[in-house]
Amino acid sequence: MLTELIPDDFKSGFIAILGRPNVGKSTLLNKLLGEKVAIITPKPQTTRNRILGVLDKENFQIVFIDTPGIHKPIHRLGEILVKSAYSATRDSDINLFLIDSANGFNSEDIEIIRKIYSKSNTPLILAVNKIDINSDIDIDEIERKIRTITDIGAIVPISALNGTNLDLLLGEIIKILPNGPRYYDKDFLTDVGNAQTAAEIIREKLIIALHQEVPYQSAVIVETFEPKKDNPKIFHIQANIIVARSGQKALVIGTKGKRIKQIGTSARIELEKIFDKKIFLELWVKIRPDWFKKDKFIKEYGYY
Ligand SMILES: Nc1nc2c(ncn2[C@@H]2O[C@H](COP(=O)(O)OP(=O)(O)O)[C@@H](O)[C@H]2O)c(=O)[nH]1
Ligand SMILES: [Mg+2]
């Protein structure tokens, strides 16, 4: 067995990335890792699983946990997503809380921080994101408000999109990161598997292509993920798009199948880049009435 020499001052830890929907948590994770491990859309509640992403350097290893946005749930799926976000704080060494500078630090943020810190005193770092849109933020006032609830390690204004101040943010994280071992292999990037990546990329294109409630009430399940039997050079991915009502199926398919074709094409192009393979992508649409209200289906689709 190969043993690795780890310096005594090596630092490591789990960092939960938390915040309301759409503040830029997944964008930040991808930017910090330099790879797209989480899908991103302009719509809230895009992230449905805790996603692990590992940043490994000579002197530290940070295991980031991207989480679903914390909101007031209106159905069972929402409830489960919020629970899953909070549960990421159970094992975290640092909580990285994000807000969107355009929306400021509001009563919902306070409520979330209060809820987390009623039971824990995990070090907290706040990142004020999207300063490329609004850089006019009163950091001192935010700090005062947080200090009424808990201590805060640092507040860093950033732009996850442009990468602004991410070095400062990392610096603040490393300052309070505990000494510890490598938890994952040096080259391990994420726990999102290949078939799940395919499902997520398809879901990203679906969310972008559709409006109203369809994005929040659909799921994507990859059923086939293997080289094509008659031509192994081509990779065969067959996925089911699950919707909650028959009207939604018509919307996903679109007039003369135009919309599903568009979703399929943009997903295929991106997946061919990610996997560096020619892909034959087959999409079917299935109706599971009100699946997002039912534990059985929520579990079956992997959001538990
Ligand atoms: N202008 C700007 N937009 C951002 C920034 N970070 C994220 N976004 C956008 O905000 C939206 C939500 O981002 P996402 O990462 O999915 O947010 P999440 O729900 O918190 O994971 C997307 O349209 C992103 O492109 C940023 O620093 N600046
Ligand atoms: Mg997200």
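Whatever comes next refers back to the structure up there.
As the structure is a prediction and not an experimental result, all values here were calculated from the model.

## Points about the overall build of the chain
Assigned secondary structure in the chain consists of nine helices and nine strands. A compact globule built from 304 residues should have a C-alpha radius of gyration of about 19 Å, and the chain, at 20 Å, falls within 12% of that. Counting the 304 residues in the chain, one finds 52% classified as buried. Contacts in the chain between residues at least 24 apart in sequence constitute 71% of all its contacts with a sequence separation of at least 6. Roughly 15200 Å² of accessible area belongs to the chain as shown, and the carbon and sulfur atoms make up 51% of that amount. Here the chain holds 44 positive side-chain charges and 39 negative ones, and the gap between their average locations is 9 Å.

## Quick notes on the pairing of strand β1 (residues 11–19)
For β1, the tally of buried residues reaches eight of nine residues, placing the bulk of the element in the interior. In this sheet, strand β3 (residues 60–66) lies alongside β1 in parallel orientation, the contact comprising seven bridges. Bridged to Ile 15 within β3 is Phe 64. Here β1 pairs with strand β4 (residues 94–100) via five bridges, running parallel. Bridge pairing in β4 places Ile 15 opposite Ile 94.

## A closer look at the site of ligand 1
Taken together, 18 residues sit near ligand 1, with Asn 22, Gly 24, Lys 25, Thr 27 and Asp 132 positioned nearest. At 3.1 Å from an oxygen atom of ligand 1 is found a side-chain nitrogen or oxygen belonging to Asn 129. Note that an oxygen atom of ligand 1 is positioned 3.0 Å from one of the backbone N or O atoms of Ala 160. In isolation ligand 1 has 580 Å² of accessible area, and contact with the protein removes 88% of it. If one sorts the elements of the shell around ligand 1 by residue count, helix α1 (residues 25–33) sits on top with three residues. Tallied by class, residues from the shell around ligand 1 come to seven nonpolar, eight polar and three charged.

## Describing the side chain of Asn 129
Within the secondary structure layout, Asn 129 lies in strand β5 (residues 124–129). The exposure class of Asn 129 is buried, given its relative accessible area of 2%. A polar contact is formed between the side chain of Asn 129 and the backbone nitrogen of Ala 160, at a distance of 2.8 Å. Aside from chain neighbours lying at most four places away, what touches Asn 129 is Val 23, Gly 24, Leu 98, Ile 99, Asp 100, Ser 101, Ile 158, Ser 159 and Ala 160.

## Some details on unusual backbone geometry
Notably, Lys 130 is not glycine yet its phi reads approximately 65°, a positive angle. Checked against the element boundaries, Lys 130 lands in the loop between β5 and α4 (139–147). Unlike most non-glycine residues, Lys 256 shows phi in positive territory, near 55°. By secondary structure assignment, the location of Lys 256 is in the loop between α7 (246–253) and α8 (258–275).

## Digging into helix α2 (residues 76–87)
Since the α-helix packs 3.6 residues into each turn, any two residues three or four apart lie on the same face. Compared with an ideal rise of 1.5 Å per residue, which puts twelve residues at 16 Å, α2 spans 16 Å between its outermost C-alpha atoms and is within 8% of the ideal. The buried fraction of α2 is high, at nine of twelve residues. Restricting attention to buried positions, one finds in α2 the residues Leu 77, Gly 78, Ile 80, Leu 81, Val 82, Ser 84, Ala 85, Tyr 86 and Ser 87. Buried positions along α2 lie against β1, α3 (107–117) and α9 (295–300).

Here is what the cut-offs are and how they apply
Residues numbered from 1 in each chain as written. Chains lettered and ligands numbered in written order. Predicted model: local features only at pLDDT ≥ 70, side-chain atom pairs only at ≥ 80, totals over all residues. Heavy atoms only, no water. Helix = DSSP H or I, 4+ residues; strand = E, 2+ residues; numbered from the N terminus. Rg over C-alpha atoms; globule rule 2.2 N^0.38 Å. Buried < 20%, exposed > 50% of the residue type's maximum accessible area, 1.4 Å probe, protein only. Contact = heavy atoms within 4.5 Å. Areas by Shrake-Rupley, 256 points an atom, 1.4 Å probe, with all protein chains shown as cover. Lys, Arg positive; Asp, Glu negative; His and termini not counted. Charge placed at Lys NZ, Arg CZ, Asp CG, Glu CD. Pairing = 2+ DSSP bridges. Near = heavy atom within 4 Å. Polar contact = N/O pair within 3.5 Å; in protein donor to acceptor, adjacent residues only side chain to side chain. Nonpolar A, V, L, I, M, F, W, Y, C, P; charged D, E, K, R; others polar. Expected span 1.5 Å × (residues − 1).

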